[in-house]
Amino acid sequence: QVHVVESGGGLVQAGGSLRLSCAASGMLFSMNAMGWYRQAPGKQRELVATITSGGETNYADSVKGRFTISIDNAKNTVYLQMNSLEPEDTAVYYCYADVRLNLLLRRDYWGQGTQVTVSS
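Residues numbered from 1 in each chain as written. Predicted model: local features only at pLDDT ≥ 70, side-chain atom pairs only at ≥ 80, totals over all residues. Heavy atoms only, no water.

Peer 1: A description of the state of the cysteines should follow, citing residues and the corresponding values.
Peer 2: With the rule as written, the count across this model stands at 1 disulfide. There is a disulfide in this structure between Cys22 and Cys95, and the S-S distance comes to 1.9 Å. For the disulfide bridge between Cys22 and Cys95, the dihedral angle about the S-S bond is near -85°, and by the sign convention the bridge is left-handed. In this pair, Cys22 is assigned in strand β3 (residues 18–26) and Cys95 in strand β9 (residues 91–100), connecting sequence segments 73 residues apart. Overall, Cys22 belongs to the buried group, its relative accessible area being 1%. (Disulfide = S-S within 2.5 Å. Helix = DSSP H or I, 4+ residues; strand = E, 2+ residues; numbered from the N terminus. Buried < 20%, exposed > 50% of the residue type's maximum accessible area, 1.4 Å probe, protein only.)

Peer 1: Describe the pattern of salt bridges, naming the residues involved and giving the relevant values.
Peer 2: Going through the model one piece at a time under the given rule, you end up with 5 salt bridges. With a shortest N-O distance of 3.0 Å, Asp89 and Arg38 are connected by a salt bridge. One end of the pair, Asp89, is in the loop between β8 (77–82) and β9; the other, Arg38, is in strand β4 (residues 30–39), with 51 residues separating them in the sequence. Across the pair, exposure class does not vary: Asp89 and Arg38 are buried alike. With a shortest N-O distance of 2.6 Å, Arg106 and Asp98 are connected by a salt bridge. (Salt bridge = Lys/Arg side-chain N within 4 Å of Asp/Glu carboxyl O.)

Peer 1: Lay out the environment of Cys95 with the relevant residues and their values.
Peer 2: For Cys95, a relative accessible area of 0% corresponds to the buried category. Separated by 47 residues in the primary sequence, Cys95 and Val48 have C-alpha atoms spaced 9.9 Å apart. Ignoring any residue separated from it by four or fewer positions in sequence, one finds Cys95 in contact with Val4, Glu6, Cys22, Met34, Gly35, Trp36, Val78, Tyr109, Trp110 and Gly111. (Contact = heavy atoms within 4.5 Å.)

Peer 1: A description of unusual backbone geometry should follow, citing residues and the corresponding values.
Peer 2: Notably, Asn76 is not glycine yet its phi reads approximately 50°, a positive angle. Looking at the secondary structure, you find Asn76 in the loop between β7 (67–72) and β8. At Ser84, a position not held by glycine, the phi torsion is positive, near 50°. Take Ser84: it is sitting in the loop between β8 and β9. Among the residues examined, Ser84 registers a relative accessible area of 40% and is labelled partly exposed.

Peer 1: Can you explain the nonpolar core? Please cite residues and give values.
Peer 2: Met34, Trp36, Leu80, Met82 and Tyr93 are the most contacted members of the largest nonpolar core, which totals 34 residues. Broken down by element, this core gets its largest block of residues, 5 residues, from β9. (Core = buried A, V, L, I, M, F, W, Y, C linked by side-chain atoms within 4.5 Å.)

What follows is the structure in structure tokens.
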């Protein structure tokens, strides 16, 4: 019912910047929150940043001050501006959307991931 698509990943050099986008589409009643997780090679999936539709944000300590999450409620789109990228940021980044489908149902939807590779 809800389709989530990430874009903006790629290969950048250390110190560079990248902007990820994630759009949720479909018949959703309301959006509660959107956010980003990442999974690096050999590591567990970890939270990167989240944002509620009201603009409340939460960041992993490792990205705080370097990454900025924002949301466009009209477009059901979340963005992750990543600055001062480090090789340790290399991972597949997954977007999620915490969606209320109707008065009864609330579900999370996930994108397929976008690869971010930071070279030294």
